[in-house]
Amino acid sequence: MGIGRLDLTDAEMRTIACAAMTVQRKKPSKYMEIGAFGGGTIKFVMECAPGIQCTGVDFFEDFQPDASNTHINLNPKMEDVSKYLGPDVRLLKGDSSQILLELARCDEKFDFIFIDGNHKYEATKKDYVNSLKMLNKGGFIAFHNSSPHLGPDWDLYNKVDGGPWQVVTEIKISKEMTH
């Protein structure tokens, strides 16, 4: 089912661990993951930074897979992910573009945001732009699968429309897009 699955590279794990431990110094610290899937990365963050407040956003069982997505046939149920992560993790079900706007309207802020939702360029960029509205000063935003040479996302997203890699490239060269 994908519950607890952790599909991070070693470099991504080091980056996430470092960011989580850094923001944990601020009490309370808040982490949000866009594309929580089976909760594996949230659990990893909780282990790296005990006490961090975690929020996960995903379609969960309502996700409609198609041939252009790497998570075909893996639709963890929100209830199962919630049981795995425990009662202190807030899970929000639905489209990140709508949920992030609602969180921003409520003036919700986070210290660390990990973007691992829809990996197509437009969706990734929208998640980034919406996340900026909720990022605390000195906070971090990280992206999953933003390397131009790692599969399967290179063939499915980056090669097709730039995907996360293109968004990260734009952030690096555009002072207007950085926080």
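What counts as what
Residues numbered from 1 in each chain as written. Predicted model: local features only at pLDDT ≥ 70, side-chain atom pairs only at ≥ 80, totals over all residues. Heavy atoms only, no water. Helix = DSSP H or I, 4+ residues; strand = E, 2+ residues; numbered from the N terminus. Buried < 20%, exposed > 50% of the residue type's maximum accessible area, 1.4 Å probe, protein only. Contact = heavy atoms within 4.5 Å. Areas by Shrake-Rupley, 256 points an atom, 1.4 Å probe, with all protein chains shown as cover.

(A) Quick peek at the overall build of the protein. Helix and strand content of the protein: seven helices and five strands. The secondary structure elements of the protein, listed N-terminal to C-terminal, are α-β-α-β-α-β-α-β-α-β-α-α. Within the protein, the fraction of its 179 residues that count as buried is 46%. Sequence-distant contacts, at least 24 apart, represent 69% of the contacts inside the protein between residues at least 6 apart. Split by element, the accessible area of the protein, about 9200 Å² in all, is 54% carbon and sulfur.

(B) Spotlight on the environment of E170. Checked against the element boundaries, E170 lands in helix 7 (residues 163–173). Residue classification places E170 among the buried positions, given a relative accessible area of 17%. In the structure, E170 is positioned 45 residues away from K125 in sequence and 9.6 Å away in space, judged by C-alpha atoms.

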